[in-house]
2 protein chains.
Amino acid sequence: MKTADPELMRAINRFHVMDAVRRFGPIARVEISTRTELSPTTVSAITAALLEDGLIVPRQMGDLRDAARGRPRVLLELNPEAAQVVGVKLAPDRITVVLTNFRADVLAQLALPIRLSRQAAAVVADLVEDGIRQCVADAGCPLENVRGICVGLPGVVEHGAGICRQSPVFTESDVPFATELSRRLQRPVSIDSDANLVALAESWFGAARGLDDFLVVSVEHSLGLGIMHKGELFRGAGGLSPDLGDMLVRPAGRTDGTRLADIASEAALLIEAQAVLTAPEDQQLFRAGRGLGRVLALAEAGDARMTGLLGEAGEALGFAIANLIALFAPPKVILAGALIQEGAPLLDALLRTVAALLPPSLAGVAEIVTHRSTDTIWARGAAAMTLQELYGAPWNTTGPALRA
Amino acid sequence: MKTADPELMRAINRFHVMDAVRRFGPIARVEISTRTELSPTTVSAITAALLEDGLIVPRQMGDLRDAARGRPRVLLELNPEAAQVVGVKLAPDRITVVLTNFRADVLAQLALPIRLSRQAAAVVADLVEDGIRQCVADAGCPLENVRGICVGLPGVVEHGAGICRQSPVFTESDVPFATELSRRLQRPVSIDSDANLVALAESWFGAARGLDDFLVVSVEHSLGLGIMHKGELFRGAGGLSPDLGDMLVRPAGRTDGTRLADIASEAALLIEAQAVLTAPEDQQLFRAGRGLGRVLALAEAGDARMTGLLGEAGEALGFAIANLIALFAPPKVILAGALIQEGAPLLDALLRTVAALLPPSLAGVAEIVTHRSTDTIWARGAAAMTLQELYGAPWNTTGPALRA
DNA sequence: CGGATTAATGCGGAACCCGTAATAAAGCGG
DNA sequence: CCGCTTTATTACGGGTTCCGCATTAATCCG
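Just so you know, these numbers come straight off a predicted model, no measurement behind them.

Chemist: So what's going on with the pattern of salt bridges? Which residues, and what values?
Modeler: A side chain of one charge can pair with a side chain of the opposite charge when the charged atoms of the two come close. For the structure on display, the rule yields 40 salt bridges over all chains. Between B:Asp282 and B:Arg294 there is a salt bridge, and its shortest N-O distance comes to 2.5 Å. Of this pair, B:Asp282 sits in helix 9 (residues 280-287) while B:Arg294 sits in helix 10 (residues 291-300), placing them twelve residues apart in sequence. Given a relative accessible area of 27%, B:Arg294 falls into the partly exposed group. Three or more residues are tied together by salt bridges with common partners; here these are A:Asp126, A:Glu129, A:Arg133, A:Glu180, A:Arg183 and A:Arg184.

Laid out in structure tokens, this is it:
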């Protein structure tokens with residue numbers, strides 16, 4: 001926690017005003033005042049500064065007071081033109097790039113279906129750089145206008161330092177990807193765990209709007225875990241984002257095959273399924289990257305081997321999620337990913353396991369919902385991360401108050 | 001996060017000054033200024049107010065500057081007399097009460113070796129009330145002078161609401177213990193998970209002094225987990241303290257006996273050991289409450305059944321701790337409890353399991369140490385919790401900034 | 001006993017929030 | 001059409017805070 005001075009005070013209150021404008025859409029000063037519990041005078045002063053800076057704009061039309069007497073309110077909203085930011089999602093089979101405006105509306109997007117599992121960091125950086133340049137070019141937006149870039153990727157990411165400790169997309173460990181991209185593009189770049197970004201997206205414009213505490217669990221090629229805790233993205237000590245794949249699901253005593261990623265990720269499932277489905281036409285499908293569809297179709301048709309695999313994965317996920325609920329007590333858990341479907345064996349097993357394992361005292365706390373997130377939403381979350389910094393959340397900039 | 005006003009600003013900075021005095025005191029104003037990065041003027045003003053309020057006192061003696069030139073510094077320290085607080089630790093076999101001064105020095109303590117597993121809340125409240133009254137009477141301190149009371153107990157505790165959701169010491173669930181005690185004693189009362197309090201104690205005057213991130217795992221009659229995260233005690237959504245006993249250690253598919261508490265707590269170990277050691281003299285020891293010593297002695301002597309049990313418990317604990325390290329990435333993990341001994345089978349198995357299960361990217365982050373905490377230290381932690389509130393940490397008082 | 005040196009503190013300036021009062025911009029009723 | 005009422009917004013003054021600068025305080029040194 002930083003020491004307080006008038007500047008910080010103003011930064012805090014300005015952020016609250018910005019946050020109210022973002023969340024409650026076109027909104028009048030009076031309403032900002034009641035919501036933030038700041039005095040009308042202060043709101044007026046702050047909004048004047050924000051208007052001056054071009055971050056918000058008035059919107060005369062649409063006066064929908066119930067009692068239409070008195071001076072009409074002037075509605076304020078975010079100025080979409082105030083900034084452009086870029087969000088990138090890196091997955092092992094795809095790069096998604098979006099350019100958004102200041103409201104996180106997508107202006108342009110680009111999906112590169114490129115297989116980049118375990119690539120050299122330089123190669124990935126090349127691809128991302130090209131993708132970003134092309135995306136902003138498509139939108140006719142000079143790169144210089146882009147106020148910030150955020151990249152989401154699976155694995156263990158250190159947001160603060162901009163280092164990716166370990167990820168399925170890189171061969172190397174400890175990749176300083178943020179500095180590398182920043183050097184290439186001459187723009188501010190940050191990186192974060194992909195699941196954290198989708199958590200932010202869900203909180204801004206998704207299934208968890210306005211919720212201060214929730215989990216996002218994504219089952220994709222790899223597993224993702226995003227945690228919103230007390231209104232902020234949860235990160236471990238040193239800003240290290242935890243990786244759901246590193247959660248353990250086997251009992252002690254067996255040191256092999258214990259990571260959740262080895263049981264419940266798409267990648268792991270495909271490997272196990274490929275070992276089982278030995279028919280040549282199946283193998284063909286796997287080689288063509290269509291194995292997942294085949295697995296789901298077989299499970300749908302009642303193939304015991306496939307439902308068994310999916311059930312095992314679901315049980316493992318349920319086990320991990322029950323642990324997370326015991327720790328974070330989130331009112332909501334959002335599940336995402338192609339494997340998560342209503343009525344599918346994986347989801348059934350997951351829900352059943354959570355219900356069975358959760359202690360009675362925590363039985364009711366978490367509502368588990370599914371939500372289909374597109375790659376665009378993920379990338380929008382990345383954009384939102386940069387926007388949040390532009391809004392100027394002051395507590396992110398705080399250093400240790402006492403030096404040893 | 002609360003909206004900022006001058007009052008909050010001052011509260012924040014006053015807290016920083018108090019914190020510096022507590023941590024580094026006796027300390028001169030100049031040094032407070034450099035450590036907090038507040039201007040000397042501001043420090044002077046704040047310390048003047050604190051002196052006025054009697055929270056700190058000057059200490060002329062002991063001028064140990066290296067260069068003894070210039071005006072000598074006036075050292076400031078906490079005024080021990082500024083307040084008295086009571087800390088209570090509730091364990092299934094013992095109630096410990098301490099009275100401390102403003103520096104968390106113990107003025108009087110009282111240990112009641114009472115078995116209170118699964119007692120009615122009213123009975124426990126009776127015992128605690130009597131214990132507190134007796135303890136403060138022993139010290140000749142009128143109860144009216146006690147500025148606050150904090151009770152630590154195992155189980156799932158909701159600190160904010162003062163409710164104990166579930167605990168081995170109560171028969172009931174959802175016990176509003178804080179209000180109940182407050183009504184009886186007419187003093188402010190708070191409750192928290194016992195492990196959180198020992199974490200606070202370790203951070204104030206124990207093995208984790210000044211550390212912003214660490215875990216405390218205590219293996220006692222029941223299991224405890226205290227998490228210091230970014231300088232604050234970690235609690236789940238709604239202020240719910242997680243319970244280590246609710247962590248799960250068995251794989252999905254087996255829904256029975258999966259809680260860590262059923263494998264690795266002293267209580268569970270005793271039950272399992274009692275089932276194995278059928279000799280009449282052993283059963284005698286168990287009934288006399290001396291079973292644990294017997295188990296340890298047998299294990300020491302190489303009894304395979306006992307080392308097996310302990311090893312299994314250690315592996316289960318290691319499994320849970322590895323998961324927690326993956327989530328929180330704490331630089332330090334402190335283990336406490338009678339079962340945790342250097343060279344003992346439980347600790348060996350625990351360390352081995354953590355090392356085996358932790359993914360390489362997290363291999364070096366956490367140093368695991370053991371630390372023997374007495375019941376007094378725990379109760380001191382409870383006192384420290386109240387003191388922290390008296391110091392006026394402003395962020396604890398913040399409500400939601402935006403009302404829906 | 002007069003510098004030199006370091007510690008602590010008035011003093012004035014600047015920024016901020018807030019309460020009150022004034023102003024702005026509508027609708028309503030005569 | 002015009003004044004009155006109502007509601008939103010803003011100007012103004014007061015109070016608080018932090019900070020930079022200059023001053024005072026307290027010691028050592030020669």
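Chemist: Outline the interface of chain B and chain A, supporting the account with residue identities and numerical values.
Modeler: At the interface, 69 residues of chain B touch 68 residues of chain A. Regarding the contact of chain B and chain A, the summed buried area is about 5600 Å², with carbon and sulfur atoms giving 67% of it. Counting the contacts that link chain B with chain A gives zero salt bridges. Elements represented by at least two residues in the side of chain B that touches chain A include exactly helix 1 (6-24), helix 2 (29-36), strand 9 (163-166), strand 12 (223-229), helix 11 (304-328) and helix 12 (345-357) of chain B. Looking at the side of chain B that touches chain A, its residues break down into 39 nonpolar, 15 polar and 15 charged.

Chemist: Tell me about the sheet that holds strand 12 of chain B, and name the residues and values.
Modeler: Residues and elements named next belong to chain B. Here we have five strands laid out as an open sheet, ordered 13-12-11-14-15, and mixed in their pairing. Lying at the two open borders of the sheet, with one neighbouring strand each, are strand 13 (232-233) and strand 15 (367-370). In this sheet, strand 12 lies alongside strand 11 (residues 214-219) in antiparallel orientation, the contact comprising six bridges. In the strand pairing of strand 12, Leu215 is matched with Ile227. Against the sheet, helix 6 (residues 194-205) touches strand 11, strand 12, strand 13 and strand 14 (332-336), its axis set at about 50 degrees to strand 12.

Chemist: Please give an account of the relation of the copies chain B and chain A that cites residues and values.
Modeler: When chain B is brought onto chain A, the operation consists of a screw motion whose angular component is 180 degrees and whose axial shift is 0.0 Å, with 0.1 Å RMSD remaining. Put plainly, the chains are arranged around a two-fold axis. Of the interface residues in chain B, 99% have counterparts in chain A that sit at the interface too, so the contact is made through matching surfaces.

Chemist: Tell me about the domain arrangement of chain A, and please be specific about residues and values.
Modeler: All names here are of chain A. Along its sequence, chain A is carved into domain 1 (6-81), domain 2 (83-201 + 377-397) and domain 3 (209-370). In this structure, domain 2 and domain 3 have C-alpha centres spaced 25 Å apart. Of all residues in domain 2, Val156, Asn196 and Ala199 give up the largest surface area on contact with domain 3, accounting jointly for 28% of the area buried on that side. Applying the counting rule to domain 2 against domain 3 returns two salt bridges.

Chemist: Let's hear about the environment of B:Glu202: which residues, and what values?
Modeler: Residue and element names in this part refer to chain B. Within the secondary structure, Glu202 is located in helix 6. Look at Glu202 and you get buried, because its relative accessible area is 1%. In this structure the C-alpha to C-alpha distance between Glu202 and Ile377, which are 175 residues apart in sequence, comes to 8.5 Å. Setting aside anything within four residues of it in sequence, one finds Glu202 in contact with Ala207, Ala208, Arg209, Phe214, Val216, Ile334, His371 and Ser373.

Chemist: Describe the packing of aromatic side chains, and please don't skip the residues or the numbers.
Modeler: Across all of its chains, the model carries 15 aromatic pairs over all chains by this definition. Measuring from centroid to centroid gives 5.6 Å for A:Trp204 and A:Tyr391, while their planes differ by 5 degrees, and the two rings are stacked. Here A:Trp204, found in helix 6 (residues 194-205), pairs with A:Tyr391, found in helix 13 (residues 375-391); they are 187 residues apart in sequence, far enough to count as distant. A:Tyr391 carries the same exposure label as A:Trp204, and that label is buried. Members of the aromatic cluster, connected to one another through ring pairs, are A:Phe102, A:Trp204, A:Phe205 and A:Tyr391. Positioned above the aromatic ring of A:Phe24, the side-chain terminus of A:Arg35 is 3.8 Å from the ring centre. The ring of B:Trp204 carries B:Arg22 above its face, with NZ or CZ at 3.9 Å from the centroid.

Chemist: Tell me about the packing of helix 11 (residues 304-328) of chain A against helix 12 (residues 345-357) of chain A, residues and numbers included.
Modeler: All names here are of chain A. For the pair helix 11 and helix 12, the least separation of the axes is 7 Å and the interaxial angle reads 40 degrees. By crossing handedness, the relation of helix 11 to helix 12 is classed as right-handed. Side by side, helix 11 and helix 12 meet where Thr307, Leu310, Gly311, Ala313, Gly314, Glu315, Leu317, Gly318, Phe319, Ile321, Ala322 and Ile325 of the first sit next to Pro345, Leu346, Ala349, Leu350, Arg352, Thr353, Val354 and Leu357 of the second. Looking at the contact of helix 11 with helix 12 residue by residue, the class counts come to 13 nonpolar, five polar and two charged.

Chemist: Lay out the protein's contact with DNA strand C in plain terms, naming residues and giving numbers.
Modeler: Residues and elements named next belong to chain B. Among the 25 residues in the neighbourhood of DNA strand C, the closest are listed as Val30, Ser44, Gly70, Arg71 and Arg73. Atoms of DNA strand C within 4 Å of the protein: sugar and phosphate make up 73%, bases the balance. Between a phosphate oxygen of DNA strand C and a main-chain N or O atom of Val30, the distance comes to 3.1 Å. At a separation of 2.9 Å, a phosphate oxygen of DNA strand C approaches a polar backbone atom of Val74.

Chemist: An account of the pairing of strand 9 of chain B is requested, with residue identities and associated values reported.
Modeler: Residues and elements named next belong to chain B. Sheet topology places strand 8 (residues 156-158) next to strand 9; three bridges connect them, and they run antiparallel. Opposite Val156, over in strand 9, you have Gln166 as the bridge partner. Counting the residues that bridge the hairpin from strand 8 to strand 9 gives four residues, and of these Gly162 lies at a positive phi of roughly 75 degrees.

Chemist: Lay out the protein's contact with DNA strand D in plain terms, naming residues and giving numbers.
Modeler: Taken together, the neighbourhood of DNA strand D is formed by 25 residues, with A:Val30, A:Ser44, A:Gly70, A:Arg73 and B:Thr42 sitting nearest. Within 4 Å of the protein, the contacting atoms of DNA strand D are 74% sugar and phosphate, with bases supplying the remainder. A:Val74 places a polar main-chain atom, nitrogen or oxygen, 3.0 Å from a phosphate oxygen of DNA strand D. With respect to DNA strand D, the backbone of B:Arg71 contributes an N or O atom lying 3.3 Å from a base nitrogen. Counting only elements with at least two residues in the surface near DNA strand D, the list comes to helix 2 (29-36) and helix 3 (40-53) of chain A together with helix 1 and helix 3 (40-53) of chain B.

Chemist: I'd like a description of the environment of A:Leu143, backed by residues and values.
Modeler: All names here are of chain A. Its location among the elements puts Leu143 in the loop between helix 4 (121-138) and strand 7 (146-153). When the C-alpha atoms of Leu143 and Val85 are compared, they prove to be 9.7 Å apart, with 58 residues separating the residues in sequence. Discounting residues that sit within four places of it in the chain, Leu143 has contacts with Ile132, Arg133, Val136, Leu185 and Arg187.

Chemist: Tell me about helix 11 of chain B, and please be specific about residues and values.
Modeler: Residue and element names in this part refer to chain B. For helix 11, which comprises 25 residues, the first-to-last C-alpha distance of 35 Å matches the rise-based estimate of 36 Å (1.5 Å per residue) to within 8%. In terms of burial, helix 11 is largely enclosed, as 20 of its 25 residues are buried. The N-terminus of helix 11 is capped by Asp303, whose side-chain oxygen sits 2.8 Å from the backbone nitrogen of Arg305.

Chemist: So what about the packing of helix 9 of chain B against helix 10 of chain B? Which residues, and what values?
Modeler: All names here are of chain B. Two numbers describe how helix 9 lies on helix 10: the axes approach to 7 Å, and their chain directions differ by 130 degrees. In terms of orientation, helix 9 and helix 10 fall into the oblique class. Each of Asp282, Leu285 and Phe286 in helix 9 lies in contact with helix 10, whose residues at this interface are Gly291, Arg294 and Val295. Counted by class, the contact of helix 9 with helix 10 contains three nonpolar, one polar and two charged residues.

Definitions and cut-offs
- Sequence order sets the numbering: in each chain, residues are counted from 1 along the sequence as written.
- Working convention: letters from A go to chains and numbers from 1 go to ligands, in the order in which they are written.
- Totals for whole chains, interfaces and linings use all residues, but because this is a predicted model, local features are given only for residues with pLDDT of at least 70 and pairs of side-chain atoms are given and counted only at 80 or more.
- Based on all heavy atoms of the structure, the side-chain values leave hydrogens and waters out of the count.
- Salt bridges are identified by distance alone: a Lys or Arg side-chain nitrogen within 4 Å of an Asp or Glu carboxyl oxygen.
- Numbering goes from the N terminus for both helices and strands, where a helix is a DSSP run of H or I of at least four residues and a strand is a run of E of at least two.
- Relative accessibility thresholds used throughout: buried, under 20% of the residue-type maximum; exposed, over 50%; partly exposed, between the two (1.4 Å probe, protein chains only).
- The contact rule is simple, with two residues in contact once any of their heavy atoms fall within 4.5 Å.
- By buried area we mean how much accessible surface two parts lose on assembly, using a 1.4 Å probe and totalling the loss over both.
- Polar here means any residue outside two lists: the nonpolar Ala, Val, Leu, Ile, Met, Phe, Trp, Tyr, Cys and Pro, and the charged Asp, Glu, Lys and Arg; Gly therefore counts as polar.
- Between any two strands, pairing holds if DSSP finds at least two bridges.
- Angular values range over 0 to 180 degrees, each being the angle between N-to-C directions of two axes fitted as lines to C-alpha atoms, with helices fitted over their stretch in contact.
- A residue counts toward the fit only if its pLDDT is at least 70 in both copies, and the copies are then superposed by least squares on the C-alpha atoms of those residues.
- Note: domain ranges come from an automatic or database domain assignment.
- Between rings of Phe, Tyr and Trp, where Trp is taken as its six-membered ring, a pair exists when centres lie within 6.5 Å; planes separated by under 30 degrees are stacked, by over 60 edge-to-face, and by other angles tilted.
- Only lysine NZ and arginine CZ atoms are considered, and such an atom sits over a ring when it is within 6 Å of the ring centre and within 35 degrees of the ring normal.
- By definition, turning the near helix anticlockwise from the far helix through less than a right angle yields a left-handed crossing, and turning it clockwise yields a right-handed one.
- The near set for a molecule or strand comprises every residue that places at least one heavy atom within 4 Å of it.
- The term polar contact refers here to a pair of N or O atoms within 3.5 Å; inside protein, the definition further demands a hydrogen-donor-capable atom paired with an acceptor-capable atom, and it admits residues adjacent in sequence only when both atoms are side-chain atoms.
- Take the residue count of a helix, subtract one, and multiply by 1.5 Å to get its expected span.
- Note that the term roughly parallel is reserved for angles under 35 degrees, roughly antiparallel for angles over 145, roughly perpendicular for angles of 65 to 115, and oblique for everything else.

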